[in-house]
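Each chain, written out:
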Amino acid sequence: MRILIIGGNSSVSRYVRPLLSEDYEVITIGRRDCDINLDKNKSLADQLPDHADIVIHTAAAFGRETEEDIYETEKYNVLDTMDLCFQLKKMNVKHFIFISSIFVHLEETSPLYSIYNISKRHAEEIIDYCLKREEIPYTILRPSQLYGNDPSFIKHHPFLYQIIETASKGQKISLFGDHGGSANYLHIKDFAEVIYRVVKNSVFGVYDCTTMTPNTYLEIARNVFELTNNTIAIEFVKDRKESGQGFTYDDAIYKSVNYSLQISIWSHCSTIIYSEH
């Protein structure tokens, strides 16, 4: 069975490809360092392989600042996804897997609301419309905030890694609001295992992928201070809005693939700290 991963150099691809390669032929396609490196001067249709049994779409644009960023994010996440959907039947694809984001649930009042989550929501609607017309089974996975040891995660979660670095040095940490805020962090290795099992068990549908308990920045900071034997030094800046965003836990995907999450944010903090000493 042949699996094509779109966005072959993405963080998700780098973790899920080794798992899939044990059982399947895996081909990656992307902008660089892939089996097929895309030429921006050619159409996507002209660069796809003739056949794939399963396609996993992990590529995404995150730009959100300038008008050009906004345009490119919508084009890359939505229109390019539509173009891909038009090619799936020609490739005889039997299962399409799209990596979306839990941020599709964000409301306009959220400080994290951006063109990224808007474009992911649009992409989901396009996939549903196009693939139902073509009768191609699909799976949409909405992971919460992915983290891991890969440097790319620091770029996407600077506040988390700033807390870990600052607390490990015994320096004071400033948290916003009355409680410091929270987030929902899902380890990339757990998410890669979920994707692998979705493929293995032919699981179809739309699923949120979160952890059961949100991670508060206060708990994370305290944990790092204690792990490094530093005196806890935390201040609350109460005139600033709390950071982060919580999401409702749904275990449907974990039941469907018979998997329990294995890695906690606490064990990850320990791994980072001890690897630096």
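Quick caveat: nothing in here was measured; it's all calculated off a predicted structure.

About the criteria used
- Within each chain, residue numbers correspond to sequence positions counted from 1 in written order.
- Per-residue local features of the predicted model are confined to residues with pLDDT of at least 70, and side-chain atom pairs are confined, for both listing and counting, to 80 or more; whole-chain, interface and lining totals are unaffected and use all residues.
- As a convention, hydrogens and water are excluded, and side-chain values are obtained from all of the structure's heavy atoms.
- Using a 1.4 Å probe on the protein chains alone, a residue whose accessible area is under 20% of its type maximum counts as buried, one over 50% counts as exposed, and one in between counts as partly exposed.
- Strands here are runs of E lasting at least two residues and helices are runs of H or I lasting at least four, both read from the DSSP assignment and numbered beginning at the N terminus.
- Here, any two strands with at least 2 DSSP bridges between them count as paired.
- For a crossover, the right-handed case is the one in which the path from the first strand over the helix to the second runs clockwise, viewed with the strands pointing away from the viewer.

Let us look at helix 5 (residues 158–168). Listed as buried for helix 5 are L160, Y161, I163, I164, T166, A167 and S168. G170, located one to two residues past helix 5, shows a positive phi value of around 75°.

For strand 6 (residues 138–143), the tally of buried residues reaches six of six residues, placing the bulk of the element in the interior. The side-chain alternation of strand 6 yields two buried faces, one formed by Y138, I140 and R142 and the other by T139, L141 and P143. Of the strand pairs in this sheet, strand 5 (residues 95–99) and strand 6 are connected by four bridges, and their pairing is parallel. Directly across from I99, in strand 6, lies its bridge partner L141. For the handedness criterion, the β-α-β arrangement of strand 5, helix 3 (residues 115–134) and strand 6 is classed as right-handed. Two elements, strand 6 and strand 11 (residues 205–209), share five bridges in a ladder whose sense is parallel. Each residue of the ladder has a partner; that of T139, found in strand 11, is G205.

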